[in-house]
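# Tertiary structure, described
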Amino acid sequence: MDKLIEQAWWVRGLTACRGVAVVRPSYIAFVPCQRPKHLVAEVAWAAGGFVTVGAREIPVATIVQALQSAPLLDMRARELAAQLAGLWWTPQTARWREKRFPLRRSRRGVWFEAADASIRLARTLPLPELAQATTLLATWPRAA
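Residues numbered from 1 in each chain as written. Predicted model: local features only at pLDDT ≥ 70, side-chain atom pairs only at ≥ 80, totals over all residues. Heavy atoms only, no water.

## A short note on the packing of aromatic side chains
Using the following cut-off: Only centres within 6.5 Å qualify two rings of Phe, Tyr or Trp (six-membered ring in Trp) as a pair; their planes then separate them into stacked at under 30 degrees, edge-to-face at over 60, and tilted for everything else. Strands are runs of DSSP state E lasting at least two residues, helices are runs of H or I lasting at least four, and both sets are numbered from the N terminus onward. A 1.4 Å probe rolled over the protein chains alone gives each residue an accessible area, and that area as a share of the maximum for its type sets the label: buried under 20%, exposed over 50%, partly exposed in between. A ring is considered to have a charge above it if a Lys NZ or an Arg CZ atom is located within 6 Å of its centre and within 35 degrees of its normal.
By the definition in use, this model includes two aromatic pairs. Seen in terms of ring centroids, tyrosine 27 and tryptophan 88 are 4.0 Å apart; in terms of plane orientation they differ by 15 degrees. Their pairing is stacked. Of the two residues, tyrosine 27 is situated in strand S3 (residues 27-32) and tryptophan 88 in strand S5 (residues 87-89); the sequence distance between them amounts to 61 residues. Here tryptophan 88 falls in the partly exposed class, since its relative accessible area comes to 24%. Relative to tryptophan 140, the ring of phenylalanine 112 lies with its centre 5.1 Å away and its plane at 70 degrees, an arrangement referred to as edge-to-face. Of this pair, phenylalanine 112 sits in strand S7 (residues 107-114) while tryptophan 140 is found in the segment after helix H4 (127-136), placing the two residues 28 residues apart along the sequence. When the ring centre of tryptophan 88 is taken as origin, the NZ or CZ atom of arginine 78, which lies over that ring, is 4.0 Å away. The aromatic ring of tryptophan 111 is capped on one face by arginine 120, whose charged end is 3.9 Å from the ring centroid.

Below, the structure is given as structure tokens:
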């Protein structure tokens, strides 16, 4: 395994954004498919009967297909992250964490953290797949 292309979430405080993460030994790119949403504001608006208008979303499958079919994945990931106001983190600027869930002991989450933000893979990985991902992340510092 030399890469992971997965649906992911970018989270900072109470603000979150859905998108796609490309994980490589030298970087993680986050390509958003929607505008960031403040979770409390979204709940308040929904409780008041309002809906947000004009928030254009790009289907996750469209972004994944654009990345998987790119002959130069690294360049395409960097371009999409820049064009869509995404993120580009390296092992020098971020660290990764294995997230355990009490009710899903045979699966683990993979989160990347930098400063006060995180990129969280949406899918939890089965332990054998996590072992493969761990070799992919050998160059990344691991959070305690």
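Following the structure, the description resumes.
## A word on the pairing of strand S8 (residues 117-121)
Test applied: When DSSP locates at least two bridges between a pair of strands, those strands are taken to pair.
Taking burial as the measure, the five residues of S8 include four buried ones, the bulk of the element. Across five bridges, the pairing between strand S1 (residues 4-12) and S8 is antiparallel. Along S8, the bridge assignment pairs arginine 12 with alanine 117. What sits between S7 and S8 in their antiparallel hairpin is a turn of two residues, with alanine 115 showing a positive phi close to 55 degrees.

## Regarding the nonpolar core
Where we set the bar: Nine residue types can take part in a nonpolar core, namely buried Ala, Val, Leu, Ile, Met, Phe, Trp, Tyr and Cys, and a core is a set of them joined through side-chain atoms within 4.5 Å. Contact criterion: two residues are considered in contact whenever any of their non-hydrogen atoms come within 4.5 Å of each other.
Residues Val23, Ile28, Trp89, Val110, Phe112 and Ile119 are the most contacted members of the largest nonpolar core, which totals 23 residues. Where this core is concerned, the elements lending two or more residues are S1, strand S2 (15-24), S3, S7, S8 and H4. Once you skip the residues sitting within four places of it in the chain, valine 23 turns out to touch Asp2, Lys3, Leu4, Ile28, Phe112, Leu121, Leu136 and Leu137. Ranked by size, the runner-up nonpolar core spans 15 residues in total, among them Val22, Val31, Leu67 and Ala77.

## Considerations on the side chain of glutamate 98
Rules: Polar contact is defined as a pair of N or O atoms within 3.5 Å, subject to the rule that within protein one atom must be able to donate a hydrogen and the other to accept it, and that residues adjacent in sequence are counted only when both atoms are side-chain atoms.
Take glutamate 98: it is sitting in strand S6 (residues 95-100). Within the local environment of glutamate 98, its side chain forms a polar contact with the side chain of arginine 108, the two groups lying 2.9 Å apart. For glutamate 98, the side chain forms a polar contact with the side chain of arginine 142, separated by 2.4 Å. Residues within four places of glutamate 98 in sequence aside, it is in contact with Arg108, Gly109, Leu130 and Arg142.

## Focus on the pairing of S7
Burial runs high along S7: seven of the eight residues are buried. As judged from the six bridges shared by S6 and S7, these two strands associate in the antiparallel manner. Following the sheet pairing, arginine 97 is matched in S7 by tryptophan 111. Taken together, S6 and the strand that follows it, S7, pair antiparallel across an intervening segment of six residues. As paired strands, S7 and strand S9 (residues 125-126) are joined by two bridges and run antiparallel to one another.

In short, the description is geometric, and any link to function would need to be established separately.
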